[in-house]
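Listed below, chain by chain, are the residues.
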Amino acid sequence: MDMTKKETLAEYSSNAEFGFYVFHEDVFRQNIRNMKEAFSSRYKNFQLAYSFKTNYLKRICEICAEEGVMAEVVSPQELRYAKELGFRPGEIIYNGIIPDTAMKLLVSRKGYVNIDNLSEYTRIANLARNTGNRIRIGVRVNLDVGQTYASRFGMSRDGSDFRPVMNDIADNPDISLAGFHCHIGSCRQLPYWKRKAEEMAELALEYGAEYLDMGGGMFGPMPDELASQFSGYVGSYEEYAEAVAGTMKKYFPDETVKLILEPGTALVGNTMDVYARVENVKTISDQMFITVNCNSGQLGMICDCRDIPVEVMKTWQSKKENGWAAKDAIIAGNTCLEFDYIKKGFSGTVRQGDTMIFRNVGAYSISSSRQFIVPRLAVYDYETLKILRAPESYEDMMKKYLQ
Ligand SMILES: Cc1ncc(COP(=O)(O)O)c(C=O)c1O
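Predicted model, so just to flag it, every value in this text is computed and none were measured. (Residues numbered from 1 in each chain as written. Predicted model: local features only at pLDDT ≥ 70, side-chain atom pairs only at ≥ 80, totals over all residues. Heavy atoms only, no water.)

Notes on the packing of helix H2 (residues 25-40) against helix H10 (residues 237-251)
Across the interface, H2 lies against H10 with an axial gap of 8 Å and an inter-helix angle of 35°. Viewed along their axes, H2 and H10 form a crossing whose handedness is right-handed. On H10, the residues that touch Asn31, Asn34, Met35, Ala38 and Phe39 of H2 are Tyr237, Glu238, Tyr240, Ala241, Val244 and Ala245. Broken down by class, the residue content of the contact of H2 with H10 amounts to eight nonpolar, two polar and one charged. (Axes fitted to C-alpha atoms, helices over the stretch in contact; angles between N-to-C directions. Helix = DSSP H or I, 4+ residues; strand = E, 2+ residues; numbered from the N terminus. Left-handed = near helix turned anticlockwise from the far one by under 90°. Contact = heavy atoms within 4.5 Å. Nonpolar A, V, L, I, M, F, W, Y, C, P; charged D, E, K, R; others polar.)

Dropping the structure here:
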């Protein structure tokens, strides 16, 4: 009997030293197309960028290039990577806090660079004066859209840096204002987005702008069991588009100002699973612990705060034998950290050797996992079952310590 892809991957998992990620290319492509359609049907002057840091698997970045999605980067390493993958300066947005590298993009006069503060601005103004290049910059603004905390990024109208920067741009023959940028983390609810769009549009009316880059930070498609765990309503692409592109259309009916978005999570969150093997099941007092061969740091932020969806695939052996009846069990990771918990409250039947599939782990998982006592995991392609990124080895982890 032919094995399904899931069964084949479960078999890989039963033989692998560590768990691994599985990437669903079709889901990622569809997310991009759905988001583009939702926004550009309401506002044609729209450009999508993808936040590399959320998951910079090569295949993901290549698909972005194929689908006409720009690269949004925040560090010199990411910038170099984007260039190596073939993104041209005009297809890269740099929101870094490392001005030297940003400047190289600026000098080419094609890249989008959004500056965060007066010090960056001053260095750029000096560069423009010394090189005689007229430089176009974007200004990252810090907005209060009703969120529960004060962001440290960008410049606020009532802060120390905004006025001096805007006044100097107005007087400086070497610098021109290309646009405004704003990204506010942990601020995914629709009302925040509507307010951000309005505030940004007001800025463009007041100062003029070729583009408004609204950053990232939207929810993406997810199963109901996950959506119900977020406080507040989880918006769809259509609803975000109505809030943001709809607002842009009201302010700029002739669509003269370009709308840019740079989501990561909303595009990539539901495109990856982790397959991990159950290594051990035990009880301590009345609490059952199930330990698997990956850890919470490898599954991303979703694991820190949410009860992530999991499916158990039985091994051949455990189909024949009875598993443990788990009730309110804790699924724990393969590190020595006491609270390396992947999920609490798991109920089902499970046995050593079974495979657990954790869903919706595409965002801030592989790119932000630590190399603490175990190497980072491999990535497989769901369609071809080929490796997209090899697992890290002992040498990757330890070689530099031996030098
Ligand atoms: C400047 C900037 N843009 C975009 C993003 C992407 O955010 P998300 O993955 O929540 O969509 C981030 C995330 O931190 C960011 O800092």
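Moving on, there is more to tell.
Let's talk about the site of the ligand
Around the ligand, the structure places 15 residues, and the nearest of them are Gly217, Glu262, Gly264, Thr265 and Tyr364. In the environment of the ligand, an oxygen atom lies 2.9 Å from a nitrogen or oxygen atom belonging to the backbone of Gly217. Here Thr265 contributes a side-chain N or O atom positioned 2.8 Å from an oxygen atom of the ligand. Starting from 390 Å² of accessible surface for the ligand in isolation, the protein chains cover 87%. Of the residues in the shell around the ligand, the class split is two nonpolar, eight polar and five charged. (Near = heavy atom within 4 Å. Polar contact = N/O pair within 3.5 Å; in protein donor to acceptor, adjacent residues only side chain to side chain. Areas by Shrake-Rupley, 256 points an atom, 1.4 Å probe, with all protein chains shown as cover.)

Here's the deal with the packing of aromatic side chains
Taken as a whole and judged by the stated rule, the model has 18 aromatic pairs. An aromatic cluster of three or more residues is present, and its members are Phe23, Phe28, Tyr50, Phe52, Tyr56, Tyr81 and Phe87. For the cation-ring pair, Lys196 lies above Trp193, with the distance from its terminal atom to the ring centre recorded as 3.8 Å. (Phe/Tyr/Trp six-rings, centres within 6.5 Å; stacked < 30°, edge-to-face > 60°. Lys NZ or Arg CZ within 6 Å of the ring centre and 35° of its normal.)

Considering the domain arrangement of the chain
Put simply, an interface is often sized by how much accessible area is lost when its parts join up. The assigned domain composition of the chain is domain 1 (5-23 + 270-402) and domain 2 (26-266). Of note, the centres of domain 1 and domain 2, computed from C-alpha atoms alone, are 34 Å apart. Contacts between the two partners involve 19 residues from domain 1, matched on the other side by 20 residues from domain 2. Interface of domain 1 and domain 2: buried area, both sides summed, is about 1700 Å²; carbon and sulfur atoms make up 61% of it. Linking domain 1 to domain 2 there are zero salt bridges. Here the side of domain 1 that touches domain 2 is composed, by residue class, of ten nonpolar, six polar and three charged. (Domains from an automatic or database assignment. Buried area = accessible area lost by both parts, 1.4 Å probe. Salt bridge = Lys/Arg side-chain N within 4 Å of Asp/Glu carboxyl O.)

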